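Each chain, written out:
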Amino acid sequence: MTLVIERRQVDQSLQLPEGLHPLVQRILARRRLGSVDDLDLSLKKLLAPETLLGMGNAVSLLSSHLQRQSRLLVVSDFDADGATSCALALRALRALGFQNLDYIVPNRFEYGYGLTPEIVQLAVTRNPDLIITVDNGISSLAGVDAAHEAGIQVLITDHHLPGRQLPKADGIVNPNQHGCEFASKSLAGVGVIFYLMLALRAYLRDAGWFELAGRKEPNLAELLDLVALGTVADVVPLDRNNRILVSEGLKRIRAGRACPGILALLEVSRRRRVNLVAADLGFAIGPRLNAAGRLDDMSLGIECLLTDSGDAAYQMAVQLDSLNSDRRLIEGEMREQAFESLDGLEIAAEAMPAGLCVYDPHWHQGVIGILASRIKDKYHRPVIAFADAGEEELKGSARSIPGFHIRDALDAIASQQPELISKFGGHAMAAGLSLDKSCLKEFEAAFAEYAGQHLSNEQLQARILTDGELAPGEFHLSAAEALINAGPWGQGFPEPLFDGRFVVQDLRVLADKHLKLTVLPEGAEAAVEAIAFNASFDDPLQPGDRLRLVYRLSVNEFRDLRQLQLVVEEFEKT
């Protein structure tokens, strides 16, 4: 496959500080910065909590329950964002003076997503006065009604897109609800609950609560490690506000001021906290935390984040690491099966639908989201992977490509053919749904037709967006370190990616799947080290081959020796 590479455009109007590293200046000029002020990631630049719609009502509701020392029950989602949101809510509420706290995280295989009536039935056994949802609830119309029938109030904190009708909750905080003027629509669930806790603390401070109760006002910045982890793991866009939250959280983790659970997860994943970057949260810590919710019960992940015991945290982190290994094995088998079933479609590219649905009765329900993402990456089109959910029901996990709003697509299909989809929800790039197994073929055709109507051939052509070439003199350790320090990088604020031509000088295969290279940049005199993880060996390389590489600059540390290394994302012979 020929690499189709486009280079990011430079914003000529942006005046960047002269003291920045020249390469950092070039990169930032290719990012969508509103102004140079966007480079200031200090906490004082965070958006104000009171601009979130419903914040005043939510704070009043919590304050009234604090006065009565009511029983509060947190209902969490079962992914890393949900786990960090739940842990943050419980830690913050306890620090603010609440004494009767509990939580429930739905087992995805028994209860499904959100505040369902079934979860409310389980909640009733805990006898709460108030349910607080974190990272879910905005679509839980029936669940909120069931809670009210049981005499339980409900406060929803969520960031998912709302449907046409909102649940009749006692309070809702969600930056994406209609009429909310909060400037950042990209808050993760953990960011929403963090903001609510900031607003509640300010309210209690103004009311003199801490003096009256003889309590020390808590420093909620101590919870930014959880905010950073949940934000990066949920792959929400890193707009300026989220970059502030992640940057401050990374600082705390690097300094060792994180909860024992995060430090333990770093240890089992063999990541050095002093050099931690956002990508480590997304690719090392997040998957281990998510593994609990995918294969077992996310309560293990939540307990890991809640404990203050280093020993207990480490034991739970080891269990999460083992679950993640199991998850990778299951995912690998499912991916191979899916690719084999789709390979026939590659014979004629025009025969492949613009939107793909894949299903196998043996697939694991907890891993279909990752599977959909892998297939989406290979075929560059929206994908929905389905798994059995019992009683003739299928659950699907959808992943999309730029320019195709997957939740809107499901909404449109549900409007046109309401008998197809039982329920759905999600974002522009990811969504979930349920349907009856008998409807799969009809839904598959409807999804392919909708995608074909809304995606052009150009949009279905995978393109790699890079920051251009590096000059021979720019292959330096100092350049890699400067780029790392200019982060955090992530979704919506992509890590610098370069392309260029090289000559292979030496190569070897590591662990039967990684390609270790020594390459000479075109026009340079000194070679550099490079590694391509999980490389394809369909067309074996040998010294002297000329390659076009798409790569990132990184720092390889081995036995306290730091040296420049290129991490190869794509390559082809030229």
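What this report covers is the structure whose coordinates are included nearby. (Residues numbered from 1 in each chain as written. Predicted model: local features only at pLDDT ≥ 70, side-chain atom pairs only at ≥ 80, totals over all residues. Heavy atoms only, no water.)

Looking at the packing of aromatic side chains
- Scanning all chains against the criterion turns up ten aromatic pairs.
- Seen from their ring centres, Phe 404 and Tyr 450 are 5.9 Å apart, and the 70 degrees between their planes marks the pair as edge-to-face. Residue Phe 404 is located in the loop between strand S9 (393–399) and helix H15 (406–416), and its partner Tyr 450 is located in helix H16 (residues 440–454); the two are separated by 46 residues in the primary sequence.
- Take Tyr 450: its relative accessible area is 13%, and that puts it in the buried class.
- Measuring from centroid to centroid gives 5.9 Å for Phe 498 and Tyr 551, while their planes differ by 35 degrees, and the two rings are tilted. Of this pair, Phe 498 sits in strand S13 (residues 498–510) while Tyr 551 sits in strand S16 (residues 546–558), and the two are 53 residues apart along the sequence.
- Note on Phe 498: relative accessible area 0%, which makes it buried.
- Residue classification places Tyr 551 among the buried residues on the basis of a relative accessible area of 1%.
- One aromatic cluster in this structure is built from Phe 386, Phe 404, Phe 443, Phe 447 and Tyr 450. (Phe/Tyr/Trp six-rings, centres within 6.5 Å; stacked < 30°, edge-to-face > 60°. Helix = DSSP H or I, 4+ residues; strand = E, 2+ residues; numbered from the N terminus. Buried < 20%, exposed > 50% of the residue type's maximum accessible area, 1.4 Å probe, protein only.)

Comments concerning the packing of helix H2 (residues 55–68) against helix H6 (residues 189–206)
- At a minimum axis distance of 9 Å, the contact between H2 and H6 shows a crossing angle of 65 degrees. When the axes of H2 and H6 are compared, the crossing they make is right-handed. Taken together, the residues of H6 that come into contact with H2 (itself represented by Met 55, Ala 58, Val 59, Leu 62, Ser 63 and Leu 66) are Tyr 195, Leu 196, Met 197, Ala 199, Leu 200, Tyr 203 and Leu 204.
- Classifying every residue of the contact of H2 with H6 gives twelve nonpolar, one polar and no charged. (Axes fitted to C-alpha atoms, helices over the stretch in contact; angles between N-to-C directions. Left-handed = near helix turned anticlockwise from the far one by under 90°. Contact = heavy atoms within 4.5 Å. Nonpolar A, V, L, I, M, F, W, Y, C, P; charged D, E, K, R; others polar.)

Comments concerning the pattern of salt bridges
- A full pass over the atoms with the stated rule returns 27 salt bridges.
- For Arg 91, the salt bridge identified is with Asp 308, shortest N-O distance 3.0 Å. Highlighted residues: Arg 91 in helix H3 (residues 80–96) and Asp 308 in the loop between helix H12 (299–306) and helix H13 (310–343), separated in sequence by 217 residues.
- On the basis of relative accessibility, which here comes to 62%, the residue Asp 308 falls in the exposed class.
- The salt bridge partner of Lys 573 is Asp 545, with a shortest N-O separation of 3.6 Å. Separated by 28 residues along the polypeptide, Lys 573 in strand S17 (residues 561–573) and Asp 545 in the loop between strand S15 (528–532) and S16 bring together distant segments of the chain.
- Look at Asp 545 and you get buried, because its relative accessible area is 14%.
- Several salt bridges converge on common partners, so that one network encompasses Arg 7, Glu 469, Asp 499 and Arg 548. (Salt bridge = Lys/Arg side-chain N within 4 Å of Asp/Glu carboxyl O.)

Quick word on the environment of Gln 9
- Following the sequence through the fold, Gln 9 ends up in the loop between strand S1 (5–7) and helix H1 (22–28).
- Between the C-alpha atoms of Gln 9 and Leu 161, which are 152 residues apart in sequence, the distance is 31 Å.

Regarding the sheet that holds strand S10 (residues 421–426)
- Reading across the sheet, the five strands line up as S7-S8-S9-S11-S10 and stay open at both edges, with mixed pairing between neighbours. Pairing within the sheet leaves two strands with one partner each, and these edge strands are strand S7 (356–359) and S10. Strand-to-strand twist of the sheet, defined as the mean angle between neighbouring strand axes without regard to direction, takes the value 20 degrees.
- H15 contacts strand S8 (383–388), S9, S10 and strand S11 (430–436) of the sheet and is inclined by roughly 155 degrees relative to S10.
- Contacting S7, S8, S9, S10 and S11, H16 runs over the sheet at an angle of about 155 degrees to S7. (Pairing = 2+ DSSP bridges.)

Regarding the side chain of Glu 474
- Along the chain, Glu 474 turns up in the loop between strand S12 (464–466) and helix H17 (477–485).
- For Glu 474, the side chain forms a polar contact with the side chain of Arg 26, separated by 2.4 Å. (Polar contact = N/O pair within 3.5 Å; in protein donor to acceptor, adjacent residues only side chain to side chain.)

Quick look at the nonpolar core
- Leu 62, Met 197, Ile 375 and Leu 553 are the most contacted members of the largest nonpolar core, which has 145 residues in total.
- The element that contributes the greatest number of residues to this core is H6, accounting for eleven residues.
- The contact partners of Leu 553, leaving out residues within four places of it in the chain, are Leu 23, Leu 470, Ala 479, Ala 480, Leu 483, Phe 498, Leu 564, Gln 565 and Leu 566.
- Core analysis: the next-biggest nonpolar cluster, separate from the first, contains 28 residues, Ala 354, Ile 384, Ala 412 and Leu 455 among them. (Core = buried A, V, L, I, M, F, W, Y, C linked by side-chain atoms within 4.5 Å.)

Looking at the pairing of strand S3 (residues 100–104)
- Bridge count for strand S2 (residues 71–76) against S3 is five bridges, and the pairing is parallel. The residue bridging Val 75 from the neighbouring strand is Ile 104, located in S3.
- Handedness of the crossover joining S2 and S3 through H3: right-handed. (Right-handed = clockwise from strand over helix to strand, strands pointing away.)

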